[in-house]
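In case you want the letters, here they are:
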Amino acid sequence: MLELREVTKNYGGLRSLDSVNLHAEAEMITGLIGPNGAGKTTMINCISGLDHPTSGEIIFDGHSIERTPAHRITGYGLARTYQNIRLFNQMSVLENLIVAQHSDGRATLVEALFFLPSHLREYRQQRERAFELLERFHLMNVKDAPAGSLPYGDQRRLEMARALATNPKMILLDEPTAGMNPIETHELGEHILQMKEDGLTILVIEHDMSLISQVCDEVYVLNFGVIIANDTVENIKQNEEVIVAYLGRED
Amino acid sequence: MEFIFDLLTPYGITENTFQNMLIAAILGISIYITLYAGLFSLANAGFMATGAYVSVILTTRYEWDFLLAVGAGIIAAGLISAIISVPVLRLSDIYLAIATIGFGEILVVLLRNFDRIYELIVNKEETITGGATGIKGIPVITTTEYLLLYLGIVVFLMVRLHRSRFGRALVAIRQDNKVAANMGINVVYYQNMAFILGAMIAGGAGALHGHLNRIILPENYGFDRAVDILTFAVLGGTTTIIGPIVGGFIIAYLPEILRRTDLVGLLGDIFGTDLGRYQANVRDMTVGMILLGVIVFLPQGIASPAMWRRVANRIWNLFNPAEKSDA
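Source: prediction; values computed, not measured.

What counts as what
- Residues numbered from 1 in each chain as written.
- Chains lettered and ligands numbered in written order.
- Predicted model: local features only at pLDDT ≥ 70, side-chain atom pairs only at ≥ 80, totals over all residues.
- Heavy atoms only, no water.
- Patch = residues over 30% accessible without salt bridge, like charges linked within 9 Å, V, L, I, M, F, W, Y side chains within 5 Å.
- Areas by Shrake-Rupley, 256 points an atom, 1.4 Å probe, with all protein chains shown as cover.
- Salt bridge = Lys/Arg side-chain N within 4 Å of Asp/Glu carboxyl O.
- Helix = DSSP H or I, 4+ residues; strand = E, 2+ residues; numbered from the N terminus.
- Contact = heavy atoms within 4.5 Å.
- Buried area = accessible area lost by both parts, 1.4 Å probe.
- Core = buried A, V, L, I, M, F, W, Y, C linked by side-chain atoms within 4.5 Å.
- Buried < 20%, exposed > 50% of the residue type's maximum accessible area, 1.4 Å probe, protein only.
- Domains from an automatic or database assignment.
- Phe/Tyr/Trp six-rings, centres within 6.5 Å; stacked < 30°, edge-to-face > 60°.
- Axes fitted to C-alpha atoms, helices over the stretch in contact; angles between N-to-C directions.
- Parallel < 35°, antiparallel > 145°, perpendicular 65-115°, else oblique.
- Nonpolar A, V, L, I, M, F, W, Y, C, P; charged D, E, K, R; others polar.
- Pairing = 2+ DSSP bridges.

Draft legend 1. A look at a nonpolar patch on the surface. A grouping of Met 1, Phe 3, Ile 4, Leu 7 and Leu 148 of chain B is seen on the molecular surface, where their side chains present a nonpolar patch of about 450 Å² in accessible area. Residue contributions to the nonpolar patch peak at 3 residues, all from helix α1 (residues 2-8) of chain B.

Draft legend 2. Layout of the interface of chain A and chain B. Each side of the interface is counted separately: chain A has 30 residues, and chain B has 25 residues. Between chain A and chain B lies a buried interface of about 2600 Å² when both sides are counted; carbon and sulfur atoms form 61% of it. Summed over the three residues of chain A that lose the most area to chain B, namely Phe 88, His 102 and Leu 109 of chain A, the buried surface amounts to 26% of that side. Where chain A packs against chain B, one counts 1 salt bridge. Residue Arg 86 of chain A pairs with Asp 176 of chain B through a salt bridge whose shortest N-O separation is 3.0 Å.

Draft legend 3. Representation of the nonpolar core in the model. The biggest cluster of nonpolar side chains holds 138 residues, and the ones touching the most others in it are Ile 192 and Ile 202 of chain A together with Phe 47, Leu 170 and Ile 185 of chain B. The greatest single-element share of this core, amounting to 13 residues, is contributed by helix α2 (residues 15-36) of chain B. The residue makeup of this core includes at least three contributed by each of domain 1 (1-77 + 168-251) and domain 2 (88-162) of chain A. When sequence neighbours within four positions are dropped, the list of residues in contact with Phe 47 of chain B reads Ala 77, Ile 80, Ser 81, Ile 84, Phe 103, Phe 195, Ala 199, Ala 202 and Gly 203 of chain B. Grouped together as the second largest cluster of nonpolar side chains are 24 residues, Leu 17, Val 20, Met 170 and Tyr 220 of chain A included.

Draft legend 4. The arrangement of the pattern of salt bridges in detail. Residue and element names in this part refer to chain A. This structure, assessed with the given rule, holds 15 salt bridges over all chains. A salt bridge links Asp 51 to Lys 9, with the nearest nitrogen and oxygen atoms 3.1 Å apart. Here the residue Asp 51 occupies a position in the loop between α1 (40-48) and β4 (55-60), and Lys 9 occupies one in strand β1 (residues 2-11), the gap between them amounting to 42 residues. Owing to a relative accessible area of 9%, Lys 9 belongs among the buried residues under this scheme. Among the ionic contacts, a cluster of salt bridges with common partners joins Glu 3, Arg 5 and Glu 57.

Draft legend 5. Region of interest: the side chain of Asn 44 of chain B. Residue and element names in this part refer to chain B. Examined against the element boundaries, Asn 44 turns out to sit in helix α3 (residues 44-60). With a relative accessible area of 2%, Asn 44 lands in the buried category. Asn 44 has contacts with Ser 30, Ile 31, Gly 198, Ala 199, Ala 202 and Ile 229, leaving out every residue within four places of it along the chain.

Draft legend 6. Here's a closer look at the domain arrangement of chain A. Residues and elements named next belong to chain A. Partitioning chain A into domains gives domain 1 (1-77 + 168-251) and domain 2 (88-162). A separation of 28 Å is found between the C-alpha centroids of domain 1 and domain 2. On the domain 2 side, the residues contacting the 15 residues of domain 1 number 8 residues. Both sides together, the interface formed by domain 1 and domain 2 hides about 950 Å², and carbon and sulfur atoms give 62% of it. Where domain 1 meets domain 2, there are 1 salt bridge.

Draft legend 7. Local environment of the packing of aromatic side chains. Residues and elements named next belong to chain B. One pass over the full model with this rule turns up 8 aromatic pairs over all chains. For the ring pair Tyr 189 and Tyr 190, a centre distance of 5.1 Å and an interplane angle of 85 degrees mean the geometry is edge-to-face. We classify Tyr 189 as partly exposed; its relative accessible area is 42%. Tyr 190 gets classed as buried once you look at its relative accessible area, which sits at 8%. Connected via pairs of aromatic rings, a cluster forms that spans Phe 47, Phe 103 and Phe 195.

Draft legend 8. The arrangement of the packing of helix α7 (residues 165-175) of chain B against helix α9 (residues 187-210) of chain B in detail. Residues and elements named next belong to chain B. In contact at an axis separation of 10 Å, α7 and α9 are set at 110 degrees when each is read in the N-to-C sense. By the angle between their directions, the pair α7 and α9 is classed as roughly perpendicular. Of the residues in α9, those in contact with Arg 165, Phe 166, Ala 169, Leu 170 and Ile 173 of α7 are Val 187, Tyr 190, Gln 191, Met 193 and Ala 194. Split into classes, the residues belonging to the contact of α7 with α9 amount to 8 nonpolar, 1 polar and 1 charged.

Draft legend 9. Structural context of unusual backbone geometry. All names here are of chain A. Non-glycine residue Glu 6 carries a positive phi angle of around 50 degrees. Position of Glu 6 among the secondary structure elements: in strand β1. Note on Glu 6: relative accessible area 43%, which makes it partly exposed. A positive phi angle, close to 50 degrees, is found at Phe 115, a residue other than glycine.

Draft legend 10. Focus on the sheet that holds strand β5 (residues 63-64) of chain A. All names here are of chain A. The antiparallel open sheet is built from 4 strands, whose spatial order is β2-β1-β4-β5. At either margin of the open sheet sits one strand with a lone partner, and together these are β2 (14-24) and β5. Relative to β4, β1 runs antiparallel, the two being bridged by 5 bridges. If you follow Leu 2 over to β4, its bridge partner there is Phe 60. This element, α1, spans β1, β2 and β4 of the sheet and lies at about 115 degrees to β1.

Below you can see the structure in the form of structure tokens.
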């Protein structure tokens, strides 16, 4: 579904990603772990089109996307969340979910101006879809509140709901459990597994090994911009090089 | 119409003042739409000039029908904005503001020297824009009804825009353009469209303004005007469509307030001199002070619904001291 081939990203003299190869299989959950500053967020930005790699190829669902603008990548069916939550804070929860369905919409300003039925129909459909997501992520009772006023856990879930509202085939989760307690983390894991059941491909970046163990089929380990391991969760936990990267070597 | 002005004239709102208030409101909306899309553009005075000059030249030289000429002015402003949006909209924030000021100043210089440039190219002397002295003897065709109609159309457009896929995309872009792109919104396209739409609204205002005062000058559309337009939006507030309208009304009405309260005379008494000559400067200073007050105490603008709700709550609590509300 998603493949990175020899992806390199330089910031001035700093090499943030160094010939990264990664393959996320369709309808599987792939994990990406690594210490702080390993280049995980750079990688997600390159995949989602907010940044572009210096060299290398990124192929998503048959499209070569390493130079494609972000909005087109979303149109191909790739959605993401952010490490530090980035909701449209002044919009209501419901509006956040409606604006995310932009790619699926067709209505132009002219149709809105003259109250054409096509515009009304589209808006009704988008509202319905938004309500489904509100129901599923337990956000119905806060639907009219400004997104910025929500408690932290609700904001996290809204971000995931908003990513789903873009109607994706694949979703990138950038540290979805940051700042959550173990119970909330487990609950979020259930949501992620449910998305897999629904046929989504998922790439999840995490620090929390409990979530990785709970959901991932395969794990990649990134350290200083280089993939140092790629295996199942059990094997990764035993991997000498990974332990060294995380804990340091004992002299 | 007549009876309305019979009512309003005692308050200093003559038909002429009212027309200026309407123009100001429309111009306020023209910058509101660009701010709505997260663009800090000061180009709308230039687009107003485009609309004014194009329509006036068409009605006076080529005897076009007035409404057709206004339409042509709107389209001309739209075309020019589409062209300059390509280089200019690559910039953001204060850099965009500076670039658009530059555009306005270039346009003023161009209008001032247009006839000479024309002469150099075609080798024929002709008065088209009339240089620094402008175009004189323009028939006064614009009426209050036309202005009200145009304001009505523009307000309707904005209200519908607010409830459309287009409008929601603009709000998303203003709040976080990177995330908006990740939601599938083509940021460049929508910002361009908002910029062009604002230019067309300003172009129409210019065309109507051009047929209001018998004369148009390049100076009418320079830096001062660009800042005035921004002032309408900032004073009234940019959170709702009411803001720029209220802002435009207040600032266009302000000279009348000053005349009625005789602020100039009052200041003159305080300083012990006659300040009659400085009428215009006193007006500018007053606008400046009001604006400063608004920015410091009412950052959402005078017409901010949230602020008025708070005020209403407080008054309500004043009369109902028993019920403590923590609003």
